[in-house]
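# Architecture and fold: a report
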Amino acid sequence: MIIKTKYKTGNGPRKVKNQVHIEEIMINEDMVNPKNEKFEIAFRNNSTSGLIEFRPDEIERLIKTIGDKAKLIKSVKIIRG
């Protein structure tokens, strides 16, 4: 997975791009207050690590978007040279 971030510094905006590996996908359920449920994707490489946190509505929108695009793929052919 490639993580691209952009943030402001004293010298202007700075862009950082890192190739990382997904280590773990966690679902934190809150039975008492289901609105506090969150989905976390943990990633890391040699110099970078972190979490991407999604609310339930964000993850549903992500799944819907990916599902809609996946329906466009009719078949896959592997060509080896």
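All values reported here derive from a predicted model rather than from experimental measurement. (Residues numbered from 1 in each chain as written. Predicted model: local features only at pLDDT ≥ 70, side-chain atom pairs only at ≥ 80, totals over all residues. Heavy atoms only, no water.)

Helix and strand content of the protein chain: one helix and five strands. Seen in sequence order, the protein chain has helices and strands lined up from the N terminus as β-β-β-β-β-α. Taking 12 Å as the expected radius of gyration for a compact globule of 81 residues, we find that the protein chain reaches 17 Å, considerably beyond that expectation. Structurally, the protein chain occupies a C-alpha span of about 50 × 45 × 25 Å along its principal axes. Out of the 81 residues belonging to the protein chain, those deemed buried represent 15%. Once local pairs closer than 6 in sequence are excluded, the contacts in the protein chain between residues at least 24 apart make up 13%. Summed over all atoms, the accessible surface of the protein chain reaches about 7600 Å², with 53% contributed by carbon and sulfur. Separation of charge centres in the protein chain, based on 17 positive and 11 negative side chains, amounts to 15 Å. (Helix = DSSP H or I, 4+ residues; strand = E, 2+ residues; numbered from the N terminus. Rg over C-alpha atoms; globule rule 2.2 N^0.38 Å. Buried < 20%, exposed > 50% of the residue type's maximum accessible area, 1.4 Å probe, protein only. Contact = heavy atoms within 4.5 Å. Areas by Shrake-Rupley, 256 points an atom, 1.4 Å probe, with all protein chains shown as cover. Lys, Arg positive; Asp, Glu negative; His and termini not counted. Charge placed at Lys NZ, Arg CZ, Asp CG, Glu CD.)

Next up on the list: the pattern of salt bridges. In this structure the tally under the stated criterion is four salt bridges. We note a salt bridge from Arg-55 to Asp-57, for which the minimum N-O separation is 3.2 Å. Judged by its relative accessible area of 47%, Arg-55 falls in the partly exposed class. One salt bridge in this structure joins Glu-58 and Arg-55, with 3.4 Å as the shortest N-O distance. (Salt bridge = Lys/Arg side-chain N within 4 Å of Asp/Glu carboxyl O.)

So, about the sheet that holds strand β4 (residues 38-44). What the three strands build is an open sheet, ordered β3-β4-β5; its pairing is antiparallel. A single partner strand is all that each edge strand has here, and the edge strands are β3 (21-28) and β5 (49-54). Neighbour-to-neighbour, the strand axes of this sheet turn through a mean angle of 20°, independent of strand direction. Two elements, β3 and β4, share seven bridges in a ladder whose sense is antiparallel. Bridge pairing links His-21 to Arg-44 in β4. (Pairing = 2+ DSSP bridges. Axes fitted to C-alpha atoms, helices over the stretch in contact; angles between N-to-C directions.)

All right, on to the confidence of the model for the protein chain then. Per-residue pLDDT for the protein chain averages 85, and the proportion of residues at 70 or more is 94%. The weakest mean pLDDT in the protein chain belongs to helix α1 (residues 56-70) at 85; the strongest belongs to strand β2 (residues 12-19) at 92. (pLDDT = per-residue confidence, 0-100.)

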